[in-house]
Amino acid sequence: MSEAMYNVGKIVNTQGIKGELKVLLQTDFPEERFKKGSKLILLDAAQSTQMIVEVESGRLQKNVCIVKFAGFNDINQVEKYKGWVIKVKASDLLELDQDEYYYHEIIGCRVVTDEGEELGTISEILTPGANDVWVVDRPASKPVLLPVIDEVVLQVDVRAKLVTVSLMEGLID
């Protein structure tokens, strides 16, 4: 069985004519993922082709990272990779501090209130600004948007795939 892989970015465009690419970030660790010498996996949209690449250089620019892979020195060599995703192997995931979680650990967790009411399942994580927002899909109801703040998220058990929350007034209509 092959090792699980996780997204760290998506190639959205080329940058200049010397083989650089604009990467939309999907990682909290761009400095680590896109530093010189890092090994990454490029995967096409159909997921039928993959290749291992080495980062030659990477720099943050607004909400993207400008990345150059070793051996790609011309826009014509990299243009075909637009739309491809960039992944890392599970064994390359970084150790997180206590009370920090990877997106893939949170997606799919059941959410219950501190009073024992089952709310639903986390389907998506939004990053609008100051804090993340977890989208909780509810059967026969519109989704609940939970701000990821200490007053709301009381406990996260990724092994049991269970999140306990305290609902602030107005979170559920």
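You'll find the structure just up there.
Below: a short report on this structure.

Thresholds applied
Residues numbered from 1 in each chain as written. Predicted model: local features only at pLDDT ≥ 70, side-chain atom pairs only at ≥ 80, totals over all residues. Heavy atoms only, no water. 1 Å grid on protein atoms, 1.4 Å probe; cavity = no way out; pocket = protein on both sides within 12 Å on 5 of 7 lines; lining within 4 Å. Points joined across faces, edges and corners; volume = space filled by probe spheres on them. Helix = DSSP H or I, 4+ residues; strand = E, 2+ residues; numbered from the N terminus. Nonpolar A, V, L, I, M, F, W, Y, C, P; charged D, E, K, R; others polar. Phe/Tyr/Trp six-rings, centres within 6.5 Å; stacked < 30°, edge-to-face > 60°. Buried < 20%, exposed > 50% of the residue type's maximum accessible area, 1.4 Å probe, protein only. Pairing = 2+ DSSP bridges. Axes fitted to C-alpha atoms, helices over the stretch in contact; angles between N-to-C directions.

1. So, the layout of surface pockets
Point 1. Empty space within the largest pocket amounts to approximately 620 Å³.
Point 2. In terms of lining, the largest pocket is formed by 24 residues, of which the most central are Asp28, Tyr101, Tyr102, Tyr103 and Asp132.
Point 3. Listing elements by their share of the lining of the largest pocket, those giving two or more residues are strand S1 (5-15) and helix H3 (103-106).
Point 4. Tallied by class, the residues present in the lining of the largest pocket amount to 14 nonpolar, five polar and five charged.
Point 5. When its volume is computed, the second largest pocket comes out at roughly 180 Å³.

2. Digging into the packing of aromatic side chains
Point 1. Following the criterion strictly, the structure yields three aromatic pairs and no others.
Point 2. A centroid spacing of 6.3 Å and a plane angle of 65° characterise the contact between phenylalanine 29 and tyrosine 102, whose relative ring orientation is edge-to-face. One end of the pair, phenylalanine 29, is in the loop between strand S2 (20-25) and helix H1 (30-33); the other, tyrosine 102, is in the loop between strand S6 (85-89) and H3, with 73 residues separating them in the sequence.
Point 3. Since its relative accessible area comes to 22%, phenylalanine 29 is described here as partly exposed.
Point 4. With a centroid separation of 4.9 Å and 85° between ring planes, the pair formed by tyrosine 81 and tryptophan 84 is classed as edge-to-face.

3. Quick word on the sheet that holds strand S11 (residues 153-157)
Point 1. As summarised here, the arrangement of the six strands in space is S10-S9-S8-S7-S12-S11, forming an open sheet in which the pairing is mixed. The sheet is open, and its two edges are formed by strand S10 (144-147) and S11, each paired on a single side. Across this sheet, the average inter-strand angle for adjacent strands is 35°, counted without regard to direction.
Point 2. Pairing analysis gives three bridges linking strand S7 (residues 110-113) to strand S8 (residues 118-126), with the strands arranged antiparallel. Its bridge partner being in S8, valine 112 is matched across the sheet by glutamate 118.

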